[in-house]
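Chains, contacts and geometry: an overview
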Amino acid sequence: MTSARPFPRDFLFGAATAAYQIEGAAHEDGRTDSIWDTFSRVPGAVINGDNGDVACDHYHRYRDDVALMGELGLQTYRFSTSWARVQPDGGAFNPLGLDFYSRLVDELVAANIKPWLTLYHWDLPQTLEDQGGWTNRDTAERFRDYALAVHDALGDRVDIWTTLNEPWCSSFLSYTAGAHAPGRQSKEAGLAAGHHLLLGHGLAVQALRERDPNLNLGITLNLTVAKPVDPTRPGDVDAARRIDGQFNRFFLDPIFRGEYPADVLHDVAGLGLDSVIHDGDLAQIRQPIDALGVNYYHGELVSDRAAQHPLPGEAPTTRVVHSPFPAADGVFHHPQGLNLTAMNWEVQPAGLTELLQRVDREYTGASTTSLYVTENGAAYDDVVSDDGRVADADRADFLTAHLGAVLDAIDSGVDVKGYFYWSLLDNYEWAWGYAKRFGIVRVDYGTQQRTVKDSGHAYAAIIRNRSLVPMLTE
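This structure is a prediction, so every number in the text was calculated from the model and none was measured. (Residues numbered from 1 in each chain as written. Predicted model: local features only at pLDDT ≥ 70, side-chain atom pairs only at ≥ 80, totals over all residues. Heavy atoms only, no water.)

1. Points about the nonpolar core
- Trp 36, Tyr 120, Leu 356 and Tyr 459 are the most contacted members of the largest nonpolar core, which has 131 residues in total.
- Here this core takes 10 residues from helix α9 (residues 187-211), the largest share from any one element.
- Once you skip the residues sitting within four places of it in the chain, Tyr 120 turns out to touch Ile 35, Trp 83, Trp 134, Phe 143, Thr 163, Leu 164, Asn 165, Ser 170 and Leu 197.
- If you look at the next biggest cluster of nonpolar residues, it comprises 19 residues, including Ile 47, Tyr 297, Ala 315 and Trp 345. (Core = buried A, V, L, I, M, F, W, Y, C linked by side-chain atoms within 4.5 Å. Buried < 20%, exposed > 50% of the residue type's maximum accessible area, 1.4 Å probe, protein only. Helix = DSSP H or I, 4+ residues; strand = E, 2+ residues; numbered from the N terminus. Contact = heavy atoms within 4.5 Å.)

Written as structure tokens, this is what we have:
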């Protein structure tokens, strides 16, 4: 017989979304193109040529969506502001765009749902990309100004601010692999973008801290657990080191230690990173932060030998993309024989426990930075029954297993403060378009009807009871 596992009294339960993935209204009230509007029009870049012009129409339906959050019992909602809506073309700040977020925040506050604001979830104004995007150092300065403008509008009601969501994706996946907007394919560009994103983070944290010392400021990183196929083979061990260095430590070390890892610098020597690092940059990046968000979906098993049966994990688009890692040629990912989501991502909840323990041990534990799981979720091929029910048992099991992994980390001494499921709504899944669904709420894209899935009801019950009943295992 199993017993309920309670969550800490101050543990926050939430869900997350991103502006371009749900808002729609792509050219209303002054908003102009972001890099994702442009990229979605590139032939073969996105499945079916899907775009975010309408998405979930959240721009017009936000009140109903907040009401849904209330029905689920969410304590906090992590959303992003669209830079292209707030500052169209990177020019004058747009009062209509800022007003939308002000109304959204008012709705959340009235529903007793804590607004958790992310300033950048990949929607750089296209005009700024035309000027070099994140490879241009000036974009970091512009990001600071954008952060202050959003604070001017919302800072009286929003006290938790995340600068960047997943800078690995908006640098290496976007400027080196070319799999995400703006679709460039250059190792040098990815490294420059990564550094300037971190610099923008540091500049924004400093400026916001000066504006209001009471703000809770942080960043969200997508992190992984990279392991060698054979821990006795030097080639496999080095493969795991490279992925860990270029996925995790490239971002964690400057933020918490004020330096790039020596082994990573050695790996990327000759690719121009040293030329974009100016005196004082790393001290600027190493601003004290109050919160680190960890986004986790699966781990990595790697080798310097090719897998016999590799798992395809990228969107099956017709546009050729490259490896996102600037210095990991000859590293191959291997399947671990675990259950798979509809994205062919392996379900590995134990990896989340291990990751949280590692981040606490090596980075946040010695600081005053609180740790949150800011994204975790799964896409499955949902089936809608005749009565409208979405019986997504796989997603409910995924959610339960990963909440259990968070509790395992807490039981081991890691002070995890909250969990956000990704995503509240089915939405535009970047290069996958609308082909994959992550939501605990189904969206019928033809009618925009919302339906809470069984996983959403399961999450609501966990929140209501503030406890988890572990899954039975054989």
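Having seen the model, we can carry on.
2. Some points on the sheet that holds strand β7 (residues 226-228)
- One open sheet holds the three strands; their spatial order is β7-β9-β10, and the pairing between them is mixed. Looking at strand neighbours, the two that pair on one side only are β7 and β10 (332-333), the edges of this open sheet.
- Here strand β9 (residues 300-303) pairs with β10 via two bridges, running antiparallel. Within the sheet, the bridge partner assigned to Val 302 lies in β10 and is His 333.
- Those strands touched by helix α10 (residues 234-257) are β7, β9 and β10, and its axis lies near 130° from that of β9. (Pairing = 2+ DSSP bridges. Axes fitted to C-alpha atoms, helices over the stretch in contact; angles between N-to-C directions.)

3. Topic: the packing of aromatic side chains
- Tallied over the entire structure, the rule returns 39 aromatic pairs.
- Between Trp 83 and Tyr 146 the ring centres are 4.8 Å apart and the planes differ by 10°, which places this aromatic pair in the stacked class. Here Trp 83, found in helix α4 (residues 83-86), pairs with Tyr 146, found in helix α7 (residues 138-154); they are 63 residues apart in sequence, far enough to count as distant.
- What makes Trp 83 buried here is its relative accessible area of 0%.
- Taken together, the ring pairs in this structure connect Tyr 20, Trp 36, Phe 39, Trp 122, Tyr 428, Trp 430, Tyr 434 and Tyr 445 into an aromatic cluster. (Phe/Tyr/Trp six-rings, centres within 6.5 Å; stacked < 30°, edge-to-face > 60°.)

4. Describing the packing of helix α8 (residues 167-176) against α10
- With their axes 11 Å apart at the nearest point, α8 and α10 run at an angle of 125° to one another. Relative to α10, the element α8 is oriented oblique. In the packing of α8 onto α10, the handedness of the crossing is right-handed. Where α8 approaches α10, its residues Pro 167, Trp 168, Ser 171 and Phe 172 are matched on the opposing element by Gln 246, Phe 247, Phe 250 and Phe 251.
- Its residues assigned to classes, the contact of α8 with α10 shows six nonpolar, two polar and no charged. (Parallel < 35°, antiparallel > 145°, perpendicular 65-115°, else oblique. Left-handed = near helix turned anticlockwise from the far one by under 90°. Nonpolar A, V, L, I, M, F, W, Y, C, P; charged D, E, K, R; others polar.)

5. Structural notes on the side chain of Arg 78
- By the element assignment, Arg 78 lies in strand β3 (residues 76-80).
- A polar atom in the side chain of Arg 78 sits 3.2 Å from the backbone oxygen of Thr 374.
- Within the structure, Arg 78 has its side chain in polar contact with the side chain of Glu 375 (distance 3.3 Å).
- Look past the residues within four positions of Arg 78 in its chain and what remains in contact with it is Ala 15, Ala 16, Thr 17, Trp 116, Thr 118, Asn 165, Thr 220, Asn 295, Thr 374, Glu 375 and Phe 420. (Polar contact = N/O pair within 3.5 Å; in protein donor to acceptor, adjacent residues only side chain to side chain.)

6. Points about helix α5 (residues 95-110)
- Taking 1.5 Å as the rise per residue, α5 with 16 residues should run 22 Å; its terminal C-alpha atoms sit 22 Å apart, in good agreement.
- Looking only at α5, the buried set comprises Gly 97, Leu 98, Phe 100, Tyr 101, Ser 102, Leu 104, Val 105 and Leu 108.
- In the core, the buried residues of α5 are packed alongside α1 (19-22), α3 (58-72), β3, α4, β4 (114-120) and α7. (Expected span 1.5 Å × (residues − 1).)

7. Looking at the sheet that holds strand β11 (residues 370-375)
- The eight strands are arranged β2-β3-β4-β5-β6-β8-β11-β12 in a closed barrel whose pairing can be described as parallel. Averaged over all pairs of adjacent strands, the angle between strand axes in this sheet comes to 25°, irrespective of strand direction.
- Summarising the sheet, β11 and strand β12 (residues 416-422) pair through three bridges and their orientation is parallel. Paired with Tyr 372 across the bridge in β12 is Gly 418.
- Contacts from α5 reach β3 and β4, with the element oriented near 170° to β3.

8. Things to note about the side chain of Asp 65
- Among the structural elements, Asp 65 can be located in helix α3.
- Setting aside residues no more than four positions away along its own chain, Asp 65 makes contact with His 58, Leu 425 and Arg 450.

9. Comments concerning the pattern of salt bridges
- All chains considered together, the criterion is met by 45 salt bridges.
- A salt bridge links Lys 417 to Asp 10; the nearest nitrogen and oxygen atoms lie 3.3 Å apart. Taken together, the residues span a long stretch of sequence, with Lys 417 in strand β12 and Asp 10 in the loop between β1 (5-6) and β2 (12-16) at a distance of 407 residues.
- In this structure, the salt-bridge partner of Arg 242 is Asp 267, at a minimum N-O distance of 3.7 Å. With Arg 242 in helix α10 and Asp 267 in helix α11 (residues 262-267), this pair connects stretches of sequence that are 25 residues apart.
- Residue Asp 267 is classed as buried on the basis of its relative accessible area of 14%.
- Linked through salt bridges whose partners overlap, the residues forming this network are Asp 238, Arg 241, Arg 242, Asp 244, Arg 249, Asp 263, Asp 267, Arg 358, Arg 361 and Glu 362. (Salt bridge = Lys/Arg side-chain N within 4 Å of Asp/Glu carboxyl O.)

Everything listed here is a matter of geometry and, on its own, says nothing about what the molecule does.
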